[in-house]
Amino acid sequence: MSQAGIETYGAYIPVTRLPLSVISGRTAKEGDAEKAVAWSDEDAITMAVAAGLNCLQGVDRSRVDAVILATTTLAFSEKQGASIVAKALDLTGDIKTIDISGSLRAGTLAIQQAIDMVKAGSVRKVLVIASDCRMGAPRSGIESSLGDAAAAVLVGNEAVIAELTASASHANEMMDVWRRQGDAFVHSWEDRFINDHGLIENSAAVIKTLYAKTGKTGKDFSKACLYATDARNLGSIMKAAGIKPDQLQDAMFGKVGCTGASFAPLLLVSALEKAKAGDALLVTSYGDGADALVFTVKGEAKDKNNRRAVSFYLHRRRTVDNYNKYLSARDLNVTEYPSPDDQGISATVQFRNRDENLSLQGQVCGSCGTHQFPKGRVCVRCGSKDNWKTMTYSACRGKVLTYTLDAFYPSPEPPTVATIIEVVLPDGKPGPRIHMQFADASAKEIKTSLPVEFAFRRIHRAGRRPNYFWKCTPIQQTAGGAV
Amino acid sequence: MSDGLKNKVAIVGVGRCKFGENWDRSEEDMIVDATYLAYQDAGIEDPRKQIDAIYCGSLYSKNGPVEVSEALKLYKPLTMVLNYCATGTEAFRAACMSVAAGVYETVLVVGYDKPKDRGVSGPSVNIRDVRDLPATPAGWFAVCAQPYFEKYGATREHLAKIAVKNHHNGTLAPESFLKKEITVEEALNGRMISWPFGLFDCAAQSDGCAVTVITRADKAKNFRKDPVYVKAVASGSGPNPNTDPDFDFCRWKPTENAAAEAYKMAGITNPGKEIHVAQVHDCFTLTELLTYEDLGFIPKGSAKEYIDSGYFQLTGELPVNTDGGLKTFGHPTGATGVRMIVENVLQLRGQAGPRSLKKQPTVALSHNIGGFPTGCAVAILGIEK
């Protein structure tokens, strides 16, 4: 049995980019610094599902015994996020679902936790997803530095491509950045104080401990994935770690931004995309203390060229041309009346429909082979009753049969494209027809017969709760254009 | 084999109130206004003795059928019928069957709705389940546009011409809500609601009530000398077409099925010739277009040529929506089907005033379809027995 480590990986970065020039009211030019922003139908959960789907590509899902979600931006104080993610990923019921939250270091803590679980032999594989969707106050400096993204790694001890060979942690208590219960925005104490005595001092300390434990120095690493909030702080941490610029994993400042709990895992995934057997990777992260991890690369992901991770999403972008659209997408525009806190969707109905809504599960008729979504009792084609086999369509593709552009649906960029799609099964035959919204693209891109794939999204907030369902998106290549 | 409803029931009284944004009128006001017009039309002086039962239909009812018994202060058997936009015709159908079965002799049919008390402009967006949105009625019907356009070459301009026709007809109906002539250009430039439907492709939301008094055909002349006979009332429904793997987005089975049943019941073999005037469901202009074809008035795919030639205009071969339809009356859902029957009765009796046709019709059809669409009802009336 080999050592526990990372078997495969995936990532997700929202397609939408907010140029910093647009925040200050200027017209964006190509090449302007920008940040990745979750759009109105995205949050930490939907991004986690997307990264998780990418990570589980080609993996036998029945071997995943636990899901750990690492985030500081859960929608609920009481109600798990990992359980929603696991259901959307259609993972079997007899698994552990765990949230690790509260700290920006949650991502690296979760990876270490998962490795310990596998080493202890209590689980076979653990899907670790770090996803964060933090907001700074509109037009604040913090807003410009943050970004939204998710990174996923599958931890196991079978086909390990990167083994955790050393780690060190430091705990530290200070008020540097925080959100109180109910705060929408990240707050912080004075810049130089929190950088010097928080991020840099703790990162330097944990790196020193790691080097002392392992006898390694900066020059022993092929790549260093260093958590920082901006380029200047990154420079200080590089210096403390003895890392030269050519060893540095691009931190994507001005492209994605600092993505909180998912930042260090995102850099790690980015490094794994290019890593070769024998490489040593240094990963540090910070938040209420600091972590330093050493991964020794054993091999490459089998399907690395088809795997959607950081490099895929870096090229897939569309820019927001108007800051108001961003404010609207993140529900930050002032309105006189808050949306009513009605009961929202019946939790009972939601319970009965969870297979369809969260897992995109339908069924195929045992008599005539007709696929049906949502599930029903009687076949629409042959009329036979209760003769069904369950099917999950989230990994299939589809094609647009028809559409309309709905100007009434509340959206930061109306009209909303509503489609009827036909699922295309892996063998090319038609699956069920589903009424779905079209996401991540403008109304100009919709046409009949357009090939689509499915994305898990927050479809509305009835009852001021996030309500999730699947949307369709153009097959994700490198979409472009302005929002 | 059933022998249907043909010539068993007659309409002897009709009434419809002013349709519109009736801010200062309640359900009670509208029900009383329309019902007392129908009483007067039927020569009913003592409804407590002359009416045996009531069938009513309302989609937005706040309190259910009691709204009707309360308004009319009647102690009678009362049934409320519900089938989305076909609610009005379905209430009429249920009432006709009760008379044909000999259970009741004279029955009041009350279709009404009061959506403008809800404080929302435009369609209601109901959230019952996560997957329901966006689910405005415009969005449900609009999904048929692009496939039809691609297959048969019709365009938004053909839809616009339907709106122009109905707006014109509506200017001639005293009880209509919108009385405004529009041009094709105005219709095409209306604010987008759900592509390809602009504002002028959509029926308005309005309040209204329409009422008929029906009785046994053999007793009809006790009420008036020119009763209108029910030739057929038929209903068709189905599951959501959008999840039907065989649906081609160019036809609605509920209409085709209801029409086939109605024509068989009425003995009609060539509807394009034997139907002289029709009120069809024009919640959206495309609904009217597809319905021309689904009812078999013209071949599938040919609507654009007939629209261009003015075939369905007031002066055309087969006038459709002679009072301006849902487009100008608005769509108080429970009222609509009954309102159409009222218009057909007026046309058959030659009492349509400026909306009169160049040739006096003797057979008239009305049609509703609603839901996704999932439910349809068709009524055929004739002046001759």
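Computed from a predicted model, the values in this text were never measured in an experiment.

Conventions used here
Residues numbered from 1 in each chain as written. Chains lettered and ligands numbered in written order. Predicted model: local features only at pLDDT ≥ 70, side-chain atom pairs only at ≥ 80, totals over all residues. Heavy atoms only, no water. Contact = heavy atoms within 4.5 Å. Buried area = accessible area lost by both parts, 1.4 Å probe. Salt bridge = Lys/Arg side-chain N within 4 Å of Asp/Glu carboxyl O. Helix = DSSP H or I, 4+ residues; strand = E, 2+ residues; numbered from the N terminus. Buried < 20%, exposed > 50% of the residue type's maximum accessible area, 1.4 Å probe, protein only. Pairing = 2+ DSSP bridges. Axes fitted to C-alpha atoms, helices over the stretch in contact; angles between N-to-C directions. 1 Å grid on protein atoms, 1.4 Å probe; cavity = no way out; pocket = protein on both sides within 12 Å on 5 of 7 lines; lining within 4 Å. Points joined across faces, edges and corners; volume = space filled by probe spheres on them. Nonpolar A, V, L, I, M, F, W, Y, C, P; charged D, E, K, R; others polar. Polar contact = N/O pair within 3.5 Å; in protein donor to acceptor, adjacent residues only side chain to side chain. Core = buried A, V, L, I, M, F, W, Y, C linked by side-chain atoms within 4.5 Å.

Peer 1: Honestly, the interface of chain A and chain B in this entry has me stumped. Any pointers?
Peer 2: Interface size is commonly expressed as the accessible area that is lost once the parts come together. Taken together, the 33 residues of chain A in the interface contact 31 residues of chain B. Buried area between chain A and chain B, summed over both chains or domains, comes out near 2900 Å², and the portion from carbon and sulfur atoms is 62%. Its largest share of buried area at the contact with chain B, chain A owes to Thr404(A), Phe408(A) and Arg433(A), together 23% of the area lost on that side. Seen at the junction of chain A and chain B, the total is one salt bridge.

Peer 1: Can you help me understand the side chain of Asn202(A) in this one?
Peer 2: All names here are of chain A. Tracing the chain through its elements places Asn-202 in helix H6 (residues 191–214). Asn-202 gets classed as buried once you look at its relative accessible area, which sits at 6%. In contact with Asn-202, other than residues within four places in its own chain, are Asn-172, His-197, Tyr-286, Gly-289 and Ala-290.

Peer 1: Honestly, the side chain of Arg349(B) in this entry has me stumped. Any pointers?
Peer 2: All names here are of chain B. Its location among the elements puts Arg-349 in helix H14 (residues 333–349). Using a relative accessible area of 10% as the deciding quantity, one classes Arg-349 as buried. Beyond its immediate stretch of four places on either side in the chain, Arg-349 contacts Val-12, Gly-13, Val-14, Asp-41, Arg-224, Asp-226, Val-228, Gln-360 and Ile-383.

Peer 1: Any chance you could explain the sheet that holds strand E17 (residues 388–392) of chain A here in plain terms?
Peer 2: Adjacent strands of a sheet form backbone hydrogen bonds with each other and so pair up, either parallel or antiparallel. Residues and elements named next belong to chain A. A sheet is described by the order of its strands in space; here three strands give the open sequence E16-E15-E17, paired in antiparallel fashion. The sheet is open, and its two edges are formed by strand E16 (371–372) and E17, each paired on a single side. Sheet topology note: the strand E15 (residues 361–365)/E17 ladder contains five bridges and is antiparallel. Directly across from Cys-365, in E17, lies its bridge partner Trp-388.

Peer 1: Please clarify how the packing of helix H4 (residues 87–100) of chain B against H14(B) should be interpreted in this entry.
Peer 2: Each packed pair of helices is defined by two parameters, the angle between the axes and the distance between the axes. Where H4(B) meets H14(B), the axes come as close as 5 Å, and the angle between the chain directions of the two elements is 65°. Of the residues in H14(B), those in contact with Thr87(B), Gly88(B), Thr89(B) and Phe92(B) of H4(B) are Thr333(B), Gly334(B), Gly337(B), Val338(B) and Ile341(B).

Peer 1: What is the right way to read empty space enclosed by the protein from this model?
Peer 2: Over the atoms, a rolled probe matching the size of one water molecule traces out where space is still vacant. Residue and element names in this part refer to chain A. Per the counting criterion, the structure on display carries one cavity of 30 Å³ or more. One number sums up the size of the largest cavity: a volume of about 30 Å³. Considering the residues around the largest cavity, the lining is formed by Ile-45, Leu-74, Ala-75, Phe-76, Lys-79, Gln-80, Gly-81 and Ile-84. Classifying every residue of the lining of the largest cavity by side-chain character gives five nonpolar, two polar and one charged.

Peer 1: Quick question: what am I supposed to make of the environment of Arg377(A) here?
Peer 2: Residue and element names in this part refer to chain A. Within the secondary structure, Arg-377 sits in the loop between E16 and E17. The sequence separation of Arg-377 and Ala-261 amounts to 116 residues, and the corresponding C-alpha distance is 44 Å. Here Arg-377 is in contact with Ser-384, Lys-385, Asp-386 and Trp-388, once residues within four sequence places are set aside. Polar side-chain contacts of Arg-377 include one of 2.6 Å to the side chain of Asp-386.

Peer 1: What should I look at first to understand the nonpolar core in this one?
Peer 2: Note that soluble globular proteins tend to have their nonpolar side chains buried in a common cluster. The biggest cluster of nonpolar side chains holds 138 residues, and the ones touching the most others in it are Val126(A), Leu127(A), Phe295(A) and Trp470(A). Among the elements that line this core, the one with the most residues is helix H2 (residues 44–55) of chain A, at nine residues. When near neighbours in sequence (up to four residues on either side) are disregarded, Phe295(A) contacts Ile6(A), Ile111(A), Ile115(A), Ala162(A), Glu163(A), Leu164(A), Thr165(A), Leu268(A), Asp279(A), Ala280(A), Leu281(A) and Val283(A). Judged by nonpolar contacts, the second largest core, of 90 residues, contains Ile11(B), Trp252(B), Leu326(B) and Leu381(B).

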